[in-house]
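Structural overview for review
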Amino acid sequence: MQQLSNQEAEKLVREGVQALQSGRGSLARSLFNRIAETGRANAQIWLLLAIACRTEGDMAATEAAVDRLLALEPRMVRGHILKGDCRSHAGDEGAALGYYESARLLADGQALPPDLVAELRRIESAIEELKERIEARREAALVEAGLTPDTRSPRFQQALDILSGRKRIFVQEPTAFYFPGLPQIQFYDPASFAWAAPLEASTAAIRGELARLLESTGTKDFRPYIQSDPNRPRRDDNPLLDSTDWSALFLIENGKIAKETIARCPRTWEAVQAAPLPHMTNSPSVMFSLLRPGSRIVPHTGMFNTRLVCHLPLIVPPGCGFRVGNEVREWEVGKLFIFDDTIEHEAWNDSGDDRVVLIFDIWRPELSHRERDEVTALFASSPLGSR
């Protein structure tokens, strides 16, 4: 192995860099190789050698140098970009995509030189092209196997959507209490709840009571759903705080019965009694929820994953929408929504009229009677907030 003094090695580096800058890749490669052959190459030398080899179109030698580089500096952004280029040239598109995406992640938040910024812009388009080609091959293989889009199960299709990046993973994120082991389901099928169909059948009666309320007193009895409390800290900046753009009229609020409202809406109160309302400290809540025209409830999560939230749509003008996790739905009068509110959700009213739904919470069906008793005892012993 040839030995080089420090001065000789530094001279070779300077000459190699000058050769690269002047477009003489072959000379640069030979100069950097001389240093590498002595065993004195650091990460920077391997990077320069890889660049020199790439200028000559020798991708095998480029990749060999990049591998030595990444062994020394596994988080170098340029190294990941070069490795992605090598894998792409070799036809290994999955690995190329992985290295390009890791380069993007490693670069996040760093102050980068202009040439590296340009390289990251280049691989952005490469990432999209690779994703499209990989997904097209996957789709073709599934169709060939008989799994056409119209024959796939909904959960399998959702898995494909997440895999392709069309959707993202949403999970329960309760702000106050998390009960482990419960399934991550965005919307539940009302048909699986025996009480749901009779409740939906009561829609006309409930709408009638709501209409009489609005005719007699308008919305003066509705109050902002989100209210400031000097004894409770707020860590967000919700635009609907103390706003009647999102307001509520409660039949029962956090376990406290509103007798006057119930007296005016007896059919509504009777209808919800068939549902498994969680009677315990700070529960249940049953309310008419009003969202003003042009208003939006920002993405948020609920407090406890031991319950589900139900919406019975009563007044739904066109242009209203609701999202839980990856799934966006439009309310239909009389069609019940049952969803996990600890998964990120939001709502909007882009119409010119008020939207009103009946909202109430129920026990999660996966909780045993023993577990419900345990949660009830916990909430009674330790206040965990409301709604």
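Structure shown above.
Rules of the game
- Residues numbered from 1 in each chain as written.
- Predicted model: local features only at pLDDT ≥ 70, side-chain atom pairs only at ≥ 80, totals over all residues.
- Heavy atoms only, no water.
- Axes fitted to C-alpha atoms, helices over the stretch in contact; angles between N-to-C directions.
- Helix = DSSP H or I, 4+ residues; strand = E, 2+ residues; numbered from the N terminus.
- Parallel < 35°, antiparallel > 145°, perpendicular 65-115°, else oblique.
- Left-handed = near helix turned anticlockwise from the far one by under 90°.
- Contact = heavy atoms within 4.5 Å.
- Nonpolar A, V, L, I, M, F, W, Y, C, P; charged D, E, K, R; others polar.
- Polar contact = N/O pair within 3.5 Å; in protein donor to acceptor, adjacent residues only side chain to side chain.
- Pairing = 2+ DSSP bridges.
- 1 Å grid on protein atoms, 1.4 Å probe; cavity = no way out; pocket = protein on both sides within 12 Å on 5 of 7 lines; lining within 4 Å.
- Points joined across faces, edges and corners; volume = space filled by probe spheres on them.
- Buried < 20%, exposed > 50% of the residue type's maximum accessible area, 1.4 Å probe, protein only.
- Phe/Tyr/Trp six-rings, centres within 6.5 Å; stacked < 30°, edge-to-face > 60°.
- Lys NZ or Arg CZ within 6 Å of the ring centre and 35° of its normal.
- Expected span 1.5 Å × (residues − 1).
- Salt bridge = Lys/Arg side-chain N within 4 Å of Asp/Glu carboxyl O.

Between helix H5 (residues 77-89) and helix H6 (residues 93-107), the least distance of the axes is 8 Å, while the angle of their chain directions is 165 degrees. The angle between the axes of H5 and H6 places the two elements in the roughly antiparallel class. The two elements H5 and H6 meet at a crossing, and its hand is left-handed. Counted together, Val77, His80, Ile81, Lys83, Gly84, Asp85, Arg87 and Ser88 of H5 and Ala95, Ala96, Tyr99, Tyr100, Ser102, Ala103, Leu106 and Ala107 of H6 form the full contact between these two elements. Across the contact of H5 with H6, the residue classes tally to nine nonpolar, four polar and three charged.

Here we take up the side chain of Asn349. Assignment of secondary structure puts Asn349 in strand E11 (residues 345-349). Separated by 2.9 Å, the side chain of Asn349 and the backbone oxygen of Leu291 make a polar contact. Setting aside its immediate chain neighbours within four residues, Asn349 contacts Leu291, Arg292, Pro293, Gly294, Ser295, Pro317, Gly319, Cys320, Asp354 and Arg355.

Looking now at the packing of helix H4 (residues 59-72) against H5. Between H4 and H5, the shortest axis-to-axis distance is 9 Å and the interhelical angle comes to 145 degrees. Crossing handedness for the pair H4 and H5: left-handed. Residues Met59, Thr62, Glu63, Val66, Asp67, Leu69 and Leu70 of H4 pack against Gly79, His80, Leu82, Lys83, Asp85, Cys86, Arg87 and His89 of H5. Here the contact of H4 with H5 is composed, by residue class, of six nonpolar, four polar and five charged.

We now examine the sheet that holds strand E6 (residues 296-300). The four strands lie next to each other as E6-E11-E8-E9, forming an open sheet whose pairing is antiparallel. Across the chains shown, the open sheet's two edge strands, defined by having one partner strand only, are E6 and strand E9 (327-329). Neighbour to neighbour, the strand axes of the sheet diverge by 10 degrees on average, direction disregarded. Examined bridge by bridge, strand E8 (residues 320-324) and E9 share three bridges and lie antiparallel to one another. Note on E9: the bridge partner recorded for Phe322 is Arg329.

Glancing now at the layout of surface pockets. Estimated volume of the second largest pocket: approximately 440 Å³. Forming the boundary of the second largest pocket are 16 residues, of which Arg155, Gln158, Gln184, Ile185 and Gln186 lie nearest the centre. For the lining of the second largest pocket, the element with the most residues is helix H8 (residues 154-164), which contributes six residues. The class makeup of the residues in the lining of the second largest pocket is six nonpolar, five polar and five charged.

The subject of this paragraph is the pairing of strand E5 (residues 286-291). Most of E5 is tucked away, with six of its six residues classed as buried. Neither face of E5 is exposed, since Val286, Phe288 and Leu290 on one face and Met287, Ser289 and Leu291 on the opposite face are all buried. Examined bridge by bridge, strand E3 (residues 246-253) and E5 share six bridges and lie antiparallel to one another. What sits directly across from Leu249, in E5, is Phe288.

Before going further, it helps to examine the packing of aromatic side chains. The tally for this structure, following the rule as stated, stands at 12 aromatic pairs. Between Phe187 and Phe339, the aromatic rings sit 6.3 Å apart at their centres with planes inclined by 55 degrees, giving tilted as the arrangement. Taken together, the residues span a long stretch of sequence, with Phe187 in strand E1 (residues 187-188) and Phe339 in strand E10 (residues 337-339) at a distance of 152 residues. Each member of the pair, Phe187 together with Phe339, is buried. Centroid distance Trp195 to Phe360: 6.0 Å. Interplanar angle 65 degrees. Geometry classified as edge-to-face. With Trp195 in the loop between E1 and helix H9 (196-201) and Phe360 in strand E12 (residues 355-363), this pair connects stretches of sequence that are 165 residues apart. Side by side, Trp195 and Phe360 carry an identical accessibility label, which is buried. Here the aromatic cluster, defined as three or more aromatic residues joined through ring pairs, consists of Phe187, Phe322, Trp331, Phe337 and Phe339. Its end group placed over the ring of Phe187, Arg329 keeps NZ or CZ at 3.9 Å from the ring centre.

Turning our eyes to something else, we now look at helix H10 (residues 203-217). With 15 residues, H10 should reach 21 Å at 1.5 Å per residue; the first-to-last C-alpha distance of 21 Å fits that figure. By the burial criterion, the buried members of H10 are Thr203, Ala205, Ile206, Gly208, Glu209, Leu210 and Leu213. Positioned one or two residues after H10, Gly218 has a phi angle of 65 degrees, which is positive.

Proximity of charged atoms lets side chains of opposite charge pair with each other. Inspection of every chain in the model, using the stated rule, returns 33 salt bridges. Ionic pairing is found between Asp340 and Arg364, a salt bridge with its closest N-O pair at 2.9 Å. Of this pair, Asp340 sits in the loop between E10 and E11 while Arg364 sits in the loop between E12 and helix H13 (369-381), placing them 24 residues apart in sequence. Here the two residues Asp340 and Arg364 agree in accessibility, since each one is buried. A network of salt bridges, in which partner residues are shared, links Glu63, Asp67, Lys83, Arg87 and Asp92.

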